[in-house]
Amino acid sequence: MRTALLRRFAPRDVLTLSLLGAAVLCLVNGLGATVRGAVMSAFLPTGLLAALLGWGLGHRRINGGQAAAGLVSFGGILLWAATARLDGPLLGLASSTLSYLASILAWWQGGPPPNPAGMADNLNAIVTQSAGLWARVWLWMTSISRNVTTDDVVARVLAWSLAVWLACGWAGWALRRGQPLNALTPALGMLAFVTDYTQMEIDSLWLLVVILLALMGLGRFFANLERWETRGIDYAEIIAANTLVSLALLAALLAGLAWVVPLVPVGDIIENLRRKPAQSTAPQSLGLQEAPGQGPDVTYSRAALPRSHLISAGPNLSREVVFTVRTGELTSLPYESAAVNAPNHHWRGQTFDRYNGYGWYSSEVIRRGLAAGDAFFTTLPPGYRRLEQQFTLFNVEDKFLYWAGALYRADTEVTALWRIQPVLDPAGTGLPFNESDLLGAERQAETYRAEAYLPIPSVEQLRAAGQEYPAAIRERYLSLPERVPERVFALARALTAAAPTPFDQALAIETYLRTNFEYSLEVPGVPVDSEVADYFLFELKRGYCDYYATAMAVLARAAGLPARLVTGYASGVYDARAAEYVVRQSDAHSWVEIYFPGIGWVEFEPTAGQPGFDRLSAASAVVLSAELPPPTLLETLKQSFNLLPPAVRLAVSVPVGLILLLVLCLALEDLVLRVLSPALALRWMFRNLYCFGGQPGPATTATEFCAALLPYTNDKASLLALTSLYLQALFSPRPVSARSVRESIKPWRALRWRLVLAKNKRNAD
Amino acid sequence: MRLNNWLLLILLALSIVMQVIDPSRVWKILIVGLGSAWLVGWLWARGLARSLQLTREMRYGWAQVGDRLEERFTLLNASLFPATWVEIEDHSTLPGYRASLATAVGGEGEVTLLTEGYCARRGLYLLGGSTLRSGDPLGMYTVTLEDPASRALLVLPPVVPLPLIDVTPGGYLGDGRPRLRAPEESVRAAGVREYRPGDPLRRIHWPTSARQGKLFTRQLEGNPAGDWWILLDMDQNAQAGSDQDSTVEHGVMLAASLADRGLREKQAVGLAINGAEPCWLTPRENERQRWDILRALALAQPGGLSLRDFLQRGGKSFGKQASLVIITASTRTDWLESLAPLLWRGLVPTVLLLEAASFGGQGSSQAVAEQLQGIGIACHVIPRDLLNRPEARPGQAGRWQFRQSKITGKVQAIQRPEDLDWRRLA
């Protein structure tokens, strides 16, 4: 037995299999690190199993077609069953089938008739789960065919697993056939393209190249040995030593070259060589000066890491009232004890997009000051309802504004903290509101009215939303730190495998958390070397809202659903008599929002014991939905103007400004002429004509000047009248009436305009 | 120099194209890794292709079955790169001779190897040429060098001491062809006969010539009683057994040994072979005749002509008054009719019947022998064991033959005694 085993696994096989295993490790490590939601340990068993199966099928008695058929069919079935979680139903089906057969025998011997219900249940479960997975895979494939980005982690992992399976199976098969280069080419190509796209885990690719070179050398050596042994050719033992030493040295040399050479910054070296003369001090010594240039662009980031949302900070249990909110949804009742089913609102303060394994923080934000009544956005997708909220804050330590839903405007000055600012676009051609990203808003007042819009999408809308996430959302809300262990990803895949739509997947995660974990405020701190979600899900298994929300957000991201953490306050207690919500410090809360394309962020409540969010039917949503109020003309003009490109805005602003300035000057002139005495006004008007009609000589009379100007005007009567008035004001004892002056202003201006044009024409000639 | 897998260059080209389209460190790693591997492999293989040289030398130009063959291989590598493996494929046609080997040669180094072989079968064989194969350690390229140098090697049939086999002398005292320069062992004349061209003039008996009016030659006592004609029947339809253990090989061995014996006994020995190419060597008794007979026997192969037809067509060539030794495995008797004219011409046949049954053939040799004896022809039935006995093959009993690898030092037995049992001394 031992001899047979040794013969079957000769040292050359052990060595080749070891290198094959290392190659598989490189491939899965590279893919695991670069493919989101699929860490190495998810692919490793698949790759190793496929490689061993391929190695076994590479036996000479099995031809390529049979091997390929076996590999593809077995791998497909295995991966499908594993992804769709069919292990339980399949085992159940086997068990129930045996039971059914036993019951048939018993029935044959006079027992009760057999009942195939167990088989049917298991069969139904298999069909249902397979159909669910198929629906997701189909949606994923059609999205790809339509060149639309879809982020279904289960379909994605299934596809990658299949690719890993085929690449590793082929590698095992071809390596057994003595074709190392052919064996590793698919894996190398796949890893190269993935690594090129992601620019991550280049080490794995490099190592795979080294393994490929080693396998090529060893493959040739082993093929030679086999040929010599087959032909009975005597060979020297020194060949093995020579080959292995040479191969090791060469592989090390080539590996070093492959690692070092690409790192040589050829471009930088050339650039430095080019810059070196410029850095020379000789020009300064010679007194040559450089034109003062602009300094480099200074970028700065603003840290936004709220310590209170590092999980270990713990909850605040104070019963102190923080604020009261009136929404006007219900009228006040005369009795406090009246049972009122008040709507459940979550008063949000901040949202967080970054998770580091210990807690949440926000990316950099853009601060924008908004006056009272200024709108945060101008477009809103359908499926929202308006909600007026009157806040009275009492002892809120922070300076954040609180509201429920999507804040439209507040009657106080606020500073919006945008991670992604929406474009204020009345035509709806800019960045949609639901793609904007608001950390929160800082307030000045303690009492304010907020006008917000609550998302009320129907279940049908949510299910039909799809997974075509905008790039900004994908980049920001699907990232997870490397500290998140594989078992979290595995749990996410397991929870969502049979859920056909993202909404169902989110519901599955929410339900899992709400039903399987105990709410507790007495929890130990998270160990330093642990990741919060992993610690909560697999070890602690109890906690408060921060743990639940963190776990759901991490699981959702691991399942390919864009998620963020929201902090603020729960509904609080509804005071029916005052028709207001009384919110206390102990109502501080965290929950989760998940993004749905075309709808926006939708809230989910994973914390056990907290009331969940009601999901509406399609009909109810239509009835409740509202639209934004139409903007005023000024707002429209202002927003339209803001939408113009800067160059256009400048091009428009200058002439408009000049025109406005001219109008202003004219108005001012008109005012001055009306205020001055008629004699002074006429004098100012007549002398003003000198500027454009040419300075008269010292002996030129007003009548002569008037005669000189007559060719420039068609309204000669007005010019004569003005001259007459001027002479009257100068020389007549009869004063000029103010009315005469006002009536002459218009023809005077027309004449002045003609003189301006004539003067310009003369200058041009 | 052959690239073992073009996929490498395709991958390299693809990486270069990708680097041009989408510059990245990924493609640089592939380009540098695969490209440098290809370049090193190409340089290595090119160096070996230009500088590997093989020289083959052997000690002897001919050999007999059972002889050892010794050959020397000198492999020279003038390149700086070591040849981590060099395979020398030998194209020699000598059965059982395996000179193919694989070794390694350092850079600017030389390796000398000795190979030994064993000539197991008679025939004309070619020793060499050779094919040299080598390659770079990464297995990118395979270098193949052909060395056409070769040399013919004639392996003569073995000559073994024969048990006593009486060859009936043919002719009378004084018959036969007188030797031209033979010392006169006897001066007593036994008689005269008519002059034949080639007879020495000093043997002319002038008185009788004068009386008869034509030339007569004296016949002296001590002259051979008659020449030996050895007729080897290689009719393929009459043979039995296979390879070395066949009536063909035993017949060849018997003919060679008989010729040797006859020549050593100063008989003029001729050879006739009924084989694929009929062979006639007229009786002579010099060393050249020994070589010619052995060479003819070495190359003899079975043919399709029956012994009966052969005797009918070529019987007159045997002349008169000679001993005819017929070596055949035929169990048929039809050829006996063809013997009658030979008998009438004074030929005295001795038939050596190889016992076909003992070689796994059909028919009974004893019946033929009885019929031959019935008509007064001497006949010996040669069983299979006759030439396989230790005394028939001196030096073969208890003989081990080993082959030791000059490279690895491994020893392998290529011939071992059949009887290896230990026996207690009485």
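Residues numbered from 1 in each chain as written. Chains lettered and ligands numbered in written order. Predicted model: local features only at pLDDT ≥ 70, side-chain atom pairs only at ≥ 80, totals over all residues. Heavy atoms only, no water.

Undergrad: Outline the overall build of chain A, supporting the account with residue identities and numerical values.
TA: Of the regular secondary structure elements, chain A holds 25 helices and 18 strands. Looking at the 765 residues of chain A, the share that counts as buried comes to 44%. Sequence-distant contacts, at least 24 apart, represent 76% of the contacts inside chain A between residues at least 6 apart. Summed over its atoms, the accessible surface of chain A is roughly 38600 Å², and 61% of this surface lies on carbon and sulfur atoms. (Helix = DSSP H or I, 4+ residues; strand = E, 2+ residues; numbered from the N terminus. Buried < 20%, exposed > 50% of the residue type's maximum accessible area, 1.4 Å probe, protein only. Contact = heavy atoms within 4.5 Å. Areas by Shrake-Rupley, 256 points an atom, 1.4 Å probe, with all protein chains shown as cover.)

Undergrad: Tell me about the pairing of strand S14 (residues 563-569) of chain A, residues and numbers included.
TA: Residue and element names in this part refer to chain A. Counting buried positions along S14 gives seven out of seven residues, so the element sits mostly inside the fold. Inspection of the sheet shows strand S3 (residues 347-352) paired to S14 by five bridges, in the antiparallel sense. When the sheet's bridge partners are listed, arginine 348 is paired in S14 with glycine 568. The sheet contact formed by S14 and strand S17 (residues 588-596) spans seven bridges and is antiparallel. Within S17, the residue paired with threonine 567 across the bridge is serine 590. (Pairing = 2+ DSSP bridges.)

Undergrad: Before we move on, could you go through the pattern of salt bridges and cite the residues and values that matter?
TA: Residues and elements named next belong to chain A. If you walk through the whole model with that rule in mind, you get 43 salt bridges over all chains. With its nearest N and O atoms 3.5 Å apart, the salt bridge here joins glutamate 229 to arginine 12. With a gap of 217 residues between them, glutamate 229 in helix H9 (residues 202-231) and arginine 12 in helix H2 (residues 11-34) connect regions that are remote in the sequence. On the accessibility criterion, glutamate 229 (44% relative accessible area) is partly exposed. Its salt-bridge partner being aspartate 353, residue arginine 476 comes within 3.2 Å of it at the nearest N-O pair. (Salt bridge = Lys/Arg side-chain N within 4 Å of Asp/Glu carboxyl O.)

Undergrad: Explain the packing of helix H8 (residues 180-198) of chain A against helix H2 (residues 25-51) of chain B residue by residue, including any values.
TA: Contact pair H8(A) / H2(B): the axes reach a minimum separation of 8 Å and the direction vectors enclose 145 degrees. Facing A:Leu188, A:Ala192, A:Phe193, A:Thr195 and A:Asp196 of H8(A), the residues of H2(B) in contact are B:Val26, B:Trp27 and B:Leu30. By residue class, the composition of the contact of H8(A) with H2(B) is six nonpolar, one polar and one charged. (Axes fitted to C-alpha atoms, helices over the stretch in contact; angles between N-to-C directions. Nonpolar A, V, L, I, M, F, W, Y, C, P; charged D, E, K, R; others polar.)

Undergrad: Lay out the sheet that holds strand S6 (residues 366-370) of chain A in plain terms, naming residues and giving numbers.
TA: Residues and elements named next belong to chain A. Taken together, the three strands give an open sheet; going across it, the order is S6-S9-S10, and neighbouring strands pair in antiparallel fashion. Each edge of the open sheet is held by one strand with a lone partner, namely S6 and strand S10 (437-443). The sheet shows a mean angle of 25 degrees between the axes of neighbouring strands, direction not considered. Sheet topology places strand S9 (residues 414-420) next to S10; six bridges connect them, and they run antiparallel. Across the sheet, the residue bridging to tryptophan 418 is leucine 438, located in S10.

Undergrad: Tell me about the confidence of the model for chain A, and please be specific about residues and values.
TA: All names here are of chain A. Averaged over every residue, the pLDDT of chain A is 80; residues scoring 70 or more account for 84%. Note on residues 1-6: pLDDT under 50 across the span, and zero contacts to partners over four residues away in sequence or across chains. Between residues 292-310, whose pLDDT stays under 50, and residues either more than four places distant or in other chains, the model counts 24 contacts. (pLDDT = per-residue confidence, 0-100.)

Undergrad: Run through the environment of A:Leu521, naming residues and quoting values.
TA: Residues and elements named next belong to chain A. Checked against the element boundaries, leucine 521 lands in the loop between strand S12 (518-519) and helix H17 (532-540). Leucine 521 sits in the partly exposed class, given a relative accessible area of 30%. On a C-alpha basis, the gap between leucine 521 and tyrosine 544 in space is 5.6 Å, while along the polypeptide they are 23 residues apart.

Undergrad: Hey, could you go over the interface of chain B and chain A for me, with residue numbers and the actual values?
TA: Contacts between chain B and chain A engage 41 residues on the former and 42 residues on the latter. When chain B packs against chain A, the two sides together hide about 3700 Å² of surface, and 70% of this comes from carbon and sulfur. Ranking the residues of chain B by area buried against chain A places B:Arg25, B:Ile29 and B:Leu138 at the top, with a combined share of 18%. Here chain B and chain A share three salt bridges between them. With its nearest N and O atoms 3.9 Å apart, the salt bridge here joins B:Glu87 to A:Arg231. In this structure, the connection of chain B to chain A is made through nine residue pairs in polar contact (both at pLDDT 80 or more). Looking at the side of chain B that touches chain A, the elements that each hand over two or more residues are helix H1 (7-21), H2, strand S5 (83-90) and strand S6 (101-105) of chain B. Tallying contributions element by element places H2(B) first for the side of chain B that touches chain A, with 13 residues. In terms of strand pairing, strand S1 (residues 234-235) of chain A meets S6(B) through two bridges, oriented parallel. Residue pairing in the sheet places A:Asp234 in a bridge with B:Leu101 of S6(B). (Buried area = accessible area lost by both parts, 1.4 Å probe. Polar contact = N/O pair within 3.5 Å; in protein donor to acceptor, adjacent residues only side chain to side chain.)

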